[in-house]
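In case you want the letters, here they are:
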Amino acid sequence: MSEENIQRLKKAGLKITEPRLTILDLMQRNHVDMQHFTAEDIYRFLVEEGEEIGLATVYRVLNQFNEANILVRHNFEGNKSVFEINLKEHHDHIICVDCGRVFEFKDEIIEQRQRQISEECGILLENHSLYLYGKCKDKEACKIQQEQSKKR
């Protein structure tokens, strides 16, 4: 377990526990391949690694991390919560409604327009989320993604 994660938990005001450190480490190690995790994804990874952390504990830790701003919770299509490590960099999401794949993107023109609209409405924008929903153009890749998702 890294000293960085210990300090991250301390800074967030969370007690240093083995489940918290293990879950945070797991998410960081798998972040490149999988940016958005469900509690079930985390639990499955833990089981595969031989860790004895229950699903209820995974849910509890993810909620604590979300409250402490270590993670960000999203509720994409289907109202299932997914979590990603909070990198403090704003981005938006495009979600395929067929396979569930999530693509992240940044677009300064969209950001400027949202600030402009907020200002025109007399709102000082503090935070926002933009989720776009559609279907993959590549139907074969989408079908493969759907089948892989079913295996999880």
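Residues numbered from 1 in each chain as written. Predicted model: local features only at pLDDT ≥ 70, side-chain atom pairs only at ≥ 80, totals over all residues. Heavy atoms only, no water.

1. As for the side chain of serine 118
Residue placement: serine 118 occurs in helix H5 (residues 108–120). With near-sequence residues (within four places) excluded, serine 118 lies in contact with Ile123 and Leu125. (Helix = DSSP H or I, 4+ residues; strand = E, 2+ residues; numbered from the N terminus. Contact = heavy atoms within 4.5 Å.)

2. Some points on the sheet that holds strand E5 (residues 131–134)
Read from one edge of the open sheet, three strands run E4-E3-E5, paired in mixed fashion. Among the strands making up the open sheet, the edge pair consists of strand E4 (102–105) and E5. Neighbouring strand axes in the sheet, compared pairwise and without regard to direction, differ in orientation by 20° on average. (Pairing = 2+ DSSP bridges. Axes fitted to C-alpha atoms, helices over the stretch in contact; angles between N-to-C directions.)

3. Considering the packing of aromatic side chains
Tallied over the full model, the rule gives two aromatic pairs. Pairing phenylalanine 76 with tyrosine 131 gives two aromatic rings, centres 5.0 Å apart and planes at 85°, and the pair type is edge-to-face. You can see phenylalanine 76 sitting in the loop between strand E1 (71–75) and strand E2 (81–85) and its partner tyrosine 131 sitting in strand E5, a full 55 residues away along the chain. Relative accessible area serves as the criterion here: at 7%, phenylalanine 76 is assigned to the buried category. When the ring centre of phenylalanine 45 is taken as origin, the NZ or CZ atom of arginine 44, which lies over that ring, is 4.9 Å away. (Phe/Tyr/Trp six-rings, centres within 6.5 Å; stacked < 30°, edge-to-face > 60°. Buried < 20%, exposed > 50% of the residue type's maximum accessible area, 1.4 Å probe, protein only. Lys NZ or Arg CZ within 6 Å of the ring centre and 35° of its normal.)

4. Description of the nonpolar core
Within the largest apolar cluster, 23 residues are counted, with the highest numbers of intra-cluster contacts made by Ile23, Met27, Ile42, Val58, Leu62, Phe65 and Leu71. Secondary-structure elements contributing two or more residues to this core are helix H1 (3–11), helix H2 (18–29), helix H3 (39–48), helix H4 (55–67) and E2. A total of five residues in this core trace back to one element, the largest contributor, which is H2. Not counting residues within four places of it along the chain, the set of residues in contact with methionine 27 comprises Phe37, Ile42, Leu62, Leu71, Phe83 and Ile85. (Core = buried A, V, L, I, M, F, W, Y, C linked by side-chain atoms within 4.5 Å.)

Distances and angles like these do not, on their own, reveal function.
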